[in-house]
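Listed below are the residues making up each chain.
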Amino acid sequence: MTSADVVIVGGGVIGASIAYHLSLRGAGRIVVLERDRLGNGSTGKNAGGIRLQFSTEVNVRLSQRALPRLEAFRDEMGVDPQFHQVGYLFLITEERDIVPFERSLALWERLGVPARRLTGTQAQAIFPEVRVDDVRFATFCARDGYADPHSILQGYVARARERGVEFREGAPARAIDVSGGRVTAVRAGDERIQCGTVVNAAGAWGAQVGAMVGLRLPIAPLRRHIFVTGPVAGLDHEFPLTIEFASGLYFHRESGGVLLGMADPADPPRFDDSVNWDFLPTVVEHALSRLPVLERATVKTGWAGFYEDTPDRHPILGTIEEVPGFVCAAGFSGHGLMHAPAAGEIVAQLICGEPPSVDVSTLRFDRFARGALVVEHNVV
Ligand SMILES: Cc1cc2nc3c(=O)[nH]c(=O)nc-3n(C[C@H](O)[C@H](O)[C@H](O)COP(=O)(O)OP(=O)(O)OC[C@H]3O[C@@H](n4cnc5c(N)ncnc54)[C@H](O)[C@@H]3O)c2cc1C
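Quick notes on the rules
- Residues numbered from 1 in each chain as written.
- Predicted model: local features only at pLDDT ≥ 70, side-chain atom pairs only at ≥ 80, totals over all residues.
- Near = placed C-beta within 6 Å.
- Helix = DSSP H or I, 4+ residues; strand = E, 2+ residues; numbered from the N terminus.
- Nonpolar A, V, L, I, M, F, W, Y, C, P; charged D, E, K, R; others polar.
- Domains from an automatic or database assignment.
- Axes fitted to C-alpha atoms, helices over the stretch in contact; angles between N-to-C directions.
- Left-handed = near helix turned anticlockwise from the far one by under 90°.
- Contact = placed C-beta atoms within 7 Å.
- Pairing = 2+ DSSP bridges.
- Expected span 1.5 Å × (residues − 1).
- Bend = angle between axes of the 7 residues up to and from the residue.
- Buried ≥ 20, exposed ≤ 12 C-beta atoms within 10 Å, placed from the backbone.

This part is about the site of the ligand. Around the ligand, the surrounding shell holds 42 residues, and the nearest of these are Gly-12, Gly-41, Gly-49, Gly-203 and Gly-336. Elements that contribute at least two residues to the shell around the ligand include exactly α1 (13–24), β14 (220–229), β18 (299–309) and α9 (336–351). Take the shell around the ligand: its biggest share by element is four residues, from β18. A breakdown of the residues in the shell around the ligand according to their chemical character gives 19 nonpolar, 17 polar and six charged. In this structure, the shell around the ligand is formed jointly by two domains, domain 1 (2–47 + 150–219 + 312–370) and domain 2 (88–142 + 220–308), each of which donates at least three residues.

Pasting the structure below:
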């Protein structure tokens, strides 16, 4: 038997950021259990998008806390996150999305988010190759952009290791012991790691880790695809991460080509992250229609990973009253990379008894039982 002060289950960007922020606070012996390789979950599959443009106050505030940390990541963490701060451009083409985005614009103004409403013509002035004839309006925030998920993960892991955090790979948590109503240990392989605090940072697998302490966490694995083209003749400049909101198609520059992402609404939640190549023609059709210059490109690779989806598209964040010592930081619903700097700090603050830098009380697990969901609209 060994012992630790905190055991973190999950070695993705959320677990690594929590470990780093705990180590900054001298929170004792910290062990991160990763059943596979660090970053092999959603962290290694994502599009790297970073944005302030959310529809709920808590998501905007999490982004506002995280963004300056990503802008200063190289100085703080000694690793270049390759943050391309080219902005996010949302294209609104459907009547049904007008009012929600007008509400978001009002929220952004109140919270000091430097996002602007643009006409289609103004959007095209920023991104000349994009088709805008059906665009009712667009929103643009120049501080948004995209970064490299691996570099961000590596930054947290490297700096946390220097401060004594132990990262174990190939080390699945099998069970969590609860005694007298509170967490006492984690079982990993043949080992029992005695500890007072366990953090569930298992992403799309967060419900499985919740079940180890008898909780039913509503986190579902939603398969999401990404396809990347080779170089595109005539498209060699930077452009914003662009989202055709109605279809959920998004794209940004990637290794000289274009990264394309889109959800398949027919895909049911399940643990299958194989690539459905039959879905590619649908993505290509939408992409060619929105960015006709892509007809000069070929798709050279594709992969799929999981959104860790909750019913209101917000994470379950914080301590759990029913199980003292169990802390949840999972279910980021497709925006965990960008919120990792804030989430890691906040979870560390909660564990160390400090006031959190963002009020995340609305994201506690009990919101589902109370029917107090905080629904995020701006997710694709
Ligand atoms: C296609 C795609 C595009 C995305 N685009 C963006 C984007 O543009 N911007 C953004 O911010 N986010 C994006 N996301 C979401 C983002 O990737 C996730 O929100 C984020 O990676 C969550 O990090 P995590 O550490 O919680 O989960 P993960 O990275 O999945 O890490 C969880 C880890 O827990 C491990 N684990 C599970 N069970 C156990 C166990 N019992 N014991 C030990 N380890 C265990 C897993 O192996 C995994 O490595 C995207 C996701 C996908 C799939």
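Following the structure, the description resumes.
The next point concerns the packing of α1 against helix α6 (residues 149–162). A pair of packed helices is characterised by two quantities: the angle between their axes and the separation of those axes. It is at 8 Å that the axes of α1 and α6 come closest, and there the two elements cross at 35°. In this structure, the crossing between α1 and α6 has a hand that is left-handed. Along the contact surface, α1 presents Val-13, Ala-16, Ser-17, Ala-19, Tyr-20 and Ser-23, while α6 presents Pro-149, Ile-152, Leu-153, Tyr-156, Val-157, Arg-159 and Ala-160. Counted by class, the contact of α1 with α6 contains ten nonpolar, two polar and one charged residues.

Assigned domains within the protein chain: domain 1 (2–47 + 150–219 + 312–370) and domain 2 (88–142 + 220–308). A C-alpha centroid distance of 30 Å is found between domain 1 and domain 2. Looking at side-chain class alone, the side of domain 1 that touches domain 2 contains five nonpolar, seven polar and one charged residues.

Strand order in this open sheet of eight strands is β6-β7-β5-β15-β16-β17-β14-β18, and the pairing throughout is mixed. At either margin of the open sheet sits one strand with a lone partner, and together these are β6 (115–118) and β18. Sheet twist, expressed as the average angle between the axes of neighbouring strands with direction ignored, equals 20°. In this sheet, strand β16 (residues 249–254) lies alongside strand β15 (residues 241–244) in antiparallel orientation, the contact comprising three bridges. In the strand pairing of β16, Glu-244 is matched with Leu-249.

An α-helix turns once per 3.6 residues; consequently, residues spaced three or four apart project the same way. In this model α9 runs just 20 Å from its N-terminal to its C-terminal C-alpha over 16 residues, more than 12% under the 22 Å that 1.5 Å per residue would give. Of all bends in α9, the biggest is about 40°, found at Ala-342. The element α9 is extensively covered by neighbouring structure, given that 14 of its 16 residues are classed as buried. With its phi angle positive at about 75°, Gly-353 sits one or two positions after the end of α9.

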